[in-house]
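Here is what each chain is made of, one letter per residue.
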Amino acid sequence: MLCRQIVLESFAAQDLPGKLFLNVSPDTLTHPSFKNVQTLTYLEHLGIDPKRVIIEITENQPVFDFESMRNAILHFRSMGFQIAIDDLGEGFSSLRLWSELRPEFVKVDMHFVKGINADPLKQQFLKSIQNIAQSSGTQVIAEGVETEAEFRTVRNIGIAFGQGNFIALPNQTPPLNAAEEVGNLVNASHSAAQPYNSTRNVTVEKVLHYVEPVDQKTE
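The residue numbering used here restarts from 1 in each chain and proceeds along that chain's sequence as written. Since the coordinates come from a predicted model, pLDDT governs what is reported: local features require at least 70, and pairs of side-chain atoms require 80 or more to be given and counted, while whole-chain, interface and lining totals use all residues. Calculated side-chain values reflect all of the structure's heavy atoms, with hydrogen atoms and water omitted.

Participant: Help me understand the overall build of the chain, please; the structure alone is not making it clear to me.
Facilitator: Across its full length, the chain carries nine helices and six strands. Exposure categories follow from relative accessible area, calculated using a 1.4 Å probe and restricted to protein chains: below 20% of the type maximum is buried, above 50% is exposed, and the middle band is partly exposed. Per-residue burial over the chain gives 35% buried out of 219 residues. Between two residues, a contact is recorded if the distance between any of their heavy atoms is within 4.5 Å. Taking contacts inside the chain between residues at least 6 apart in sequence as the whole, the part at least 24 apart equals 68%. A total accessible area of about 13,700 Å² is found for the chain, and carbon and sulfur atoms account for 53% of it. Comment: elements are numbered from the N terminus, with helices defined as DSSP H or I runs of at least four residues and strands as E runs of at least two. In this description, accessible areas are obtained by the Shrake-Rupley approach with a 1.4 Å probe, and a residue is regarded as covered only by the protein chains that are shown.

Below you can see the structure in the form of structure tokens.
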């Protein structure tokens, strides 16, 4: 609760734009003391719109009670908060959490981003995640973008958000503008790679074949 208070105060004092991601463990999320209106009241006191705050669920512990999690999410969404899942692919039950909670954001674990420019399998993983996200109305955030090559690959897959030292270093006073090198890459024209772009793809026409109908009296 103290960490939450300090972060909210700093966010308000710096008058930062954009959204604020608050890390919350599953146990904390479903705890009665967290579900009260204390956070909402404090946001109102600081002048922060709840729609700008994303509750980011960490996976440092397994989730067993999905019903309580869903109820907690409904409770917070009713107050205007959005939901994110942290470290997708690293924790205990990421994909089920995604299916159960339908978050607005998922953060892909840095394992799948590190060296992705030279790893076709990681690229396919990320394309598949992006494809699911597009179907479910979720935004993907790539974690651990450390090099220009990783940045370009993630961008070309079609993922619009990322974090990592190449984009900006952690700072108590976050920069409001990207470094020139990053800004140039963001604004550069590029062709997004399409999921499942494979020479093995075939059209429906090629797999269809005509079958003579059977008379209804045939035994």
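Participant: What exactly am I supposed to notice about the pairing of strand β3 (residues 82-88) here?
Facilitator: Consecutive side chains along a regular strand alternate between the two faces of the sheet. Counting buried positions along β3 yields five of seven residues, so the element is predominantly enclosed. When strand β2 (residues 53-57) meets β3, the two strands line up parallel, connected through four bridges. Within β3, the residue paired with I57 across the bridge is I85. When DSSP finds two or more bridges between two strands, those strands count as paired.

Participant: Where do I start with the pairing of strand β4 (residues 105-108) in this structure?
Facilitator: Residues of β4 alternate between two faces, with F105 and K107 on one and V106 and V108 on the opposite face, all of them buried. Inspection of the sheet shows β3 paired to β4 by three bridges, in the parallel sense. Looking across to β4, one finds that I85 is bridged to V106. The pairing of β4 with strand β5 (residues 139-142) spans four bridges and is parallel.

Participant: Which parts of the structure should I look at to understand the sheet that holds strand β1 (residues 20-24)?
Facilitator: Paired through their backbone hydrogen bonds, the strands of a sheet run either parallel or antiparallel. One open sheet accounts for six strands, arranged β1-β2-β3-β4-β5-β6; its pairing is parallel. Looking at strand neighbours, the two that pair on one side only are β1 and β6 (161-162), the edges of this open sheet.

Participant: Even after reading the chapter, I still don't get the nonpolar core, so can you show me in this structure?
Facilitator: Within soluble globular proteins, side chains that are nonpolar generally end up buried alongside one another. Definition of nonpolar core: a set of buried residues of the types Ala, Val, Leu, Ile, Met, Phe, Trp, Tyr and Cys, connected through side-chain atoms within 4.5 Å. Among the nonpolar cores identified, the biggest contains 44 residues, and L29 and L126 are the most heavily contacted of them. Tallying contributions element by element places helix α4 (residues 66-78) first for this core, with five residues. When sequence neighbours within four positions are dropped, the list of residues in contact with L126 reads V108, I116, V154, I157 and I159.

Participant: Explanation requested: the pattern of salt bridges in the structure shown.
Facilitator: When the charged atoms of two side chains with opposite charge come close together, those side chains can pair. Salt bridges are identified by distance alone: a Lys or Arg side-chain nitrogen within 4 Å of an Asp or Glu carboxyl oxygen. Using the criterion set out here, one finds five salt bridges in the structure. As a salt-bridge pair, K107 and E56 come within 3.1 Å of each other at their nearest N and O atoms. With K107 in strand β4 and E56 in strand β2, this residue pair connects regions lying 51 residues apart in the sequence. No difference in accessibility class separates K107 from E56, as the two residues are buried. Of the charged contacts, one joins E100 and R70 as a salt bridge, the two residues approaching to 2.2 Å between their closest N and O atoms.

Participant: Sorry, what's going on with helix α3 (residues 38-46) here?
Facilitator: Think of an α-helix as turning once every 3.6 residues; residues three or four places apart then point the same way. Every buried residue of α3 is listed here: T39, L40 and L43. Angular distribution of buried residues about the axis of α3 spans 100°; they occupy a single face of the element. Of the exposed residues in α3, those oriented more than 90 degrees away from the buried face are E44 and H45. The elements touched by buried residues of α3 are α1 (2-13) and β2. The reported arc concerns the directions from the helix axis to the C-beta atoms and nothing else.

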